[in-house]
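Tertiary structure, described
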Amino acid sequence: MTDAPHIWHFGNMRVVPDELCGVKLLKGAEANLCDMEGHLDLPDSMLEKLGWVVASIHDPVLPPDTAEDYTAAYIGAARNPYVDVIGHSGLTRHPYDYEAGVKAFRDAGKLVEINEGTFLSRPASLENCLKIASCCKAYECRVVVNSDAHFAAQIGRTPKALAMLAEIGFPPELIVNTSLDRFEAYLEERRMRVSRAAV
Ligand SMILES: [Zn+2]
């Protein structure tokens, strides 16, 4: 993405502490899907050093194409062991087969992002977000709720995303960040997945 951090930024994460002012820090990246096979714009050698990886489609990187191609792209990204989250996938210009995608995400142990920022910056996507969340509920795919803040003052604020999940009776046990224990259990699961990939 134009104006994104240079790749060296992600190679410098070792200087960032694991805890700062009592706040635990996860060092990660939102990587771009670069093609219809779901390859990302950070190499595995860099992804393996991160503790949290969101994989998303952004318009300037992956222009509009068919739902069939985007389904393949998302499923390809979900096969990457370093990916934790499929990011803001309700994009109107990048539709995919939600049922097939969500089942693949679940089977690969990936989380689907339910994103507060969408309510502000991508309101046209909300209808799709509701369909994706409903698929996650139906197929028991876990989600993570976050702000996609873009500015520090909004971090941790997710009222509209939570209201949307409440509207469809989304099971709290499928939301990995409802408690520190549940979130740390996911992190342990990802540590095991990543270590298996490294063998
Ligand atoms: Zn994004």
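To start, this report covers the structure provided alongside it. (Residues numbered from 1 in each chain as written. Predicted model: local features only at pLDDT ≥ 70, side-chain atom pairs only at ≥ 80, totals over all residues. Heavy atoms only, no water.)

**Let's talk about the coordination of the zinc ion**
Of the protein atoms, only Glu30 (OE), His58 (NE2) and His88 (NE2) coordinate the zinc ion, at distances of 2.1 to 2.2 Å. The motif formed by the donor residues of the zinc ion, counted along the single chain, is E-x27-H-x29-H. With a gap of 30 residues between them, His58 in the loop between strand E4 (52-56) and helix H3 (67-78) and His88 in the loop between strand E5 (85-86) and helix H4 (98-107) connect regions that are remote in the sequence. One exposure class covers both His58 and His88, and it is buried. (Donors = N, O, S within 2.8 Å, 3.2 Å for Na, K, Ca; no water. Helix = DSSP H or I, 4+ residues; strand = E, 2+ residues; numbered from the N terminus. Buried < 20%, exposed > 50% of the residue type's maximum accessible area, 1.4 Å probe, protein only.)

**Details of the layout of surface pockets**
Looking at the second largest pocket, its volume works out to about 310 Å³. Lining the second largest pocket we find 13 residues, and of these Glu116, Gly117, Leu120, Ser147 and Gln154 sit closest to its centre. In terms of residues, the lining of the second largest pocket owes the most to one element, helix H5 (residues 117-121), which gives four residues. Among the residues forming the lining of the second largest pocket, the class breakdown is four nonpolar, five polar and four charged. (1 Å grid on protein atoms, 1.4 Å probe; cavity = no way out; pocket = protein on both sides within 12 Å on 5 of 7 lines; lining within 4 Å. Points joined across faces, edges and corners; volume = space filled by probe spheres on them. Nonpolar A, V, L, I, M, F, W, Y, C, P; charged D, E, K, R; others polar.)

**Focus on the sheet that holds E5**
Read from one edge to the other, the open sheet built from five strands follows the order E3-E4-E5-E6-E7, with strand pairing classed as parallel. For this open sheet the edge positions go to strand E3 (28-32) and strand E7 (143-146), each flanked by a neighbour on one side alone. Strand direction decides the pairing type here: E3 and E4, joined by five bridges, are parallel. When the sheet's bridge partners are listed, Ala31 is paired in E4 with Ala55. (Pairing = 2+ DSSP bridges.)

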